[in-house]
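# Survey of secondary and tertiary structure
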Amino acid sequence: MNVCTLVIRVIFAAKQTILRMLNVVLFGPPGAGKGTQSEVLLQRYGLVHLSTGDIFRYNIKNATELGQQAKAFMDKGELVPDSLTISMLESEVVKHPDPKGFIFDGFPRTSAQAEALDKFLASRNASITCMLALEVDEEELIKRLLNRATTSGRADDADESIVRNRITVYNRETAPVAGYYQSCGKYCGVKGVGTVEEITARLCAELDAFAH
Ligand code: ADP
């Protein structure tokens, strides 16, 4: 095989990898329904679900060093620092050798995280397919989170001032991340109010359009 053929084959193989993976950022404020919808989407599309909140909670429960570091921020409704979050996310991604794709739930939550994710995926010949953003108004979010506290046992759901702080932090640090994906034509807003099935149907319609 000559060098030219080899180069073409390598480029083709890399392009196939990019095309094959379906990498979705499921976006939205706390209480928008990212976790609920992720469960349905991962089954339907055979994706790996990576929820940074769940991973942090797992680490807290198992009293790891990462858990101890994250807890101080989570208890106040603040974001865990980028450096900790990005390295944790990357080490989770590499645990899956040949995934069909990922649902990133709760990540990226800052512009620095979005840029790091793009760079990291590019180094693995992959990219984000799209960001699906669940849109829910603020009072509905607060109602949902306080209600979720009765079953989730999450301290950050139970206290209204912490809930409000999480939404403030979302508006300040996280909402601008949507612009990052808008600028590259990968953003799609989806109405996050209705039955779980109605919202799933909206998400799938958008995802199918991006995937084909
Ligand atoms: P919710 O979307 O309801 O806020 P999560 O489980 O996604 O719930 O997040 C819970 C908490 O975990 C956040 O308030 C924050 O402290 C921390 N966290 C989760 N993901 C990130 C992230 N990408 N960057 C920084 N902190 C995060």
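Note that the coordinates shown come from a computational prediction; the quantities given were computed from them, not determined experimentally. Counting from 1, residues in each chain are numbered in the order their sequence is written. Selection of residues for local features in this predicted model requires a pLDDT of at least 70, selection of side-chain atom pairs for listing and counting requires 80 or more, and totals for whole chains, interfaces and linings are taken over all residues. The side-chain numbers reported here are obtained from all heavy atoms of the structure, hydrogens and water having been left aside.

## Structural notes on the site of the ligand
Nearness here has a simple test: a residue counts as near a molecule or strand if at least one of its heavy atoms is within 4 Å of that partner. Close to the ligand lie 19 residues, the nearest being Lys34, Thr52, Arg57, Glu78 and Gly106. Polar contact is the term for a pair of N or O atoms within 3.5 Å; when the atoms are in protein, one must be able to donate a hydrogen and the other to accept it, and sequence-neighboring residues count only if both atoms are side-chain atoms. Glu78 is positioned such that a nitrogen or oxygen atom in its backbone is 2.6 Å from an oxygen atom of the ligand. In these tables, accessible area is a Shrake-Rupley quantity obtained with a 1.4 Å probe, and a residue counts as shielded only by the protein chains included in the view. For the ligand, the accessible surface in isolation is 550 Å², of which the surrounding protein chains cover 97%. With four residues, the single largest contributor to the shell around the ligand is helix α3 (residues 52-61). Under the grouping applied here, Gly and all other residues not named as nonpolar or charged are polar, the nonpolar ones being Ala, Val, Leu, Ile, Met, Phe, Trp, Tyr, Cys and Pro and the charged ones Asp, Glu, Lys and Arg. Grouping the constituent residues of the shell around the ligand by class yields six nonpolar, six polar and seven charged. To qualify as a helix, a DSSP run of H or I must reach at least 4 residues; to qualify as a strand, a run of E must reach at least 2; elements of each kind are numbered from the N terminus.

## Digging into the side chain of Lys34
By the secondary structure assignment, Lys34 is in helix α2 (residues 34-45). When a residue's accessible area, from a 1.4 Å probe over protein chains only, is under 20% of the maximum for its type it is buried; when over 50% it is exposed; and in between it is partly exposed. As used throughout, the charge tally considers Lys and Arg to be positive and Asp and Glu to be negative, leaving His and the chain termini uncounted. We define a salt bridge as a contact between a side-chain nitrogen of Lys or Arg and a carboxyl oxygen of Asp or Glu at a distance within 4 Å. An unpaired buried charge is present at Lys34: no salt bridge exists, and Asp105, the closest side chain of opposite charge, is 5.0 Å distant. Only 3.0 Å separates the side chain of Lys34 from the backbone oxygen of Gly28, close enough to count as a polar contact. Contact criterion: two residues are considered in contact whenever any of their non-hydrogen atoms come within 4.5 Å of each other. When near neighbours in sequence (up to four residues on either side) are disregarded, Lys34 contacts Leu26, Phe27, Gly28, Pro29, Asp105, Gly106 and Leu134.

## Some remarks on the pattern of salt bridges
Tallied over the full model, the rule gives 13 salt bridges. Of the charged contacts, one joins Lys71 and Asp75 as a salt bridge, the two residues approaching to 2.6 Å between their closest N and O atoms. One end of the pair is Lys71 and the other is Asp75, both in helix α4 (residues 65-76) and four residues apart, which spans about a single turn. A residue is classified by how much of its surface remains accessible, and Asp75, at 36% relative accessible area, is partly exposed. For Arg172, the salt bridge identified is with Glu173, shortest N-O distance 3.2 Å. Beyond isolated ion pairs, a larger network of salt bridges with shared partners links Arg148, Arg154, Asp156, Asp157 and Arg166.

Keep in mind these numbers describe shape, not what the thing actually does.
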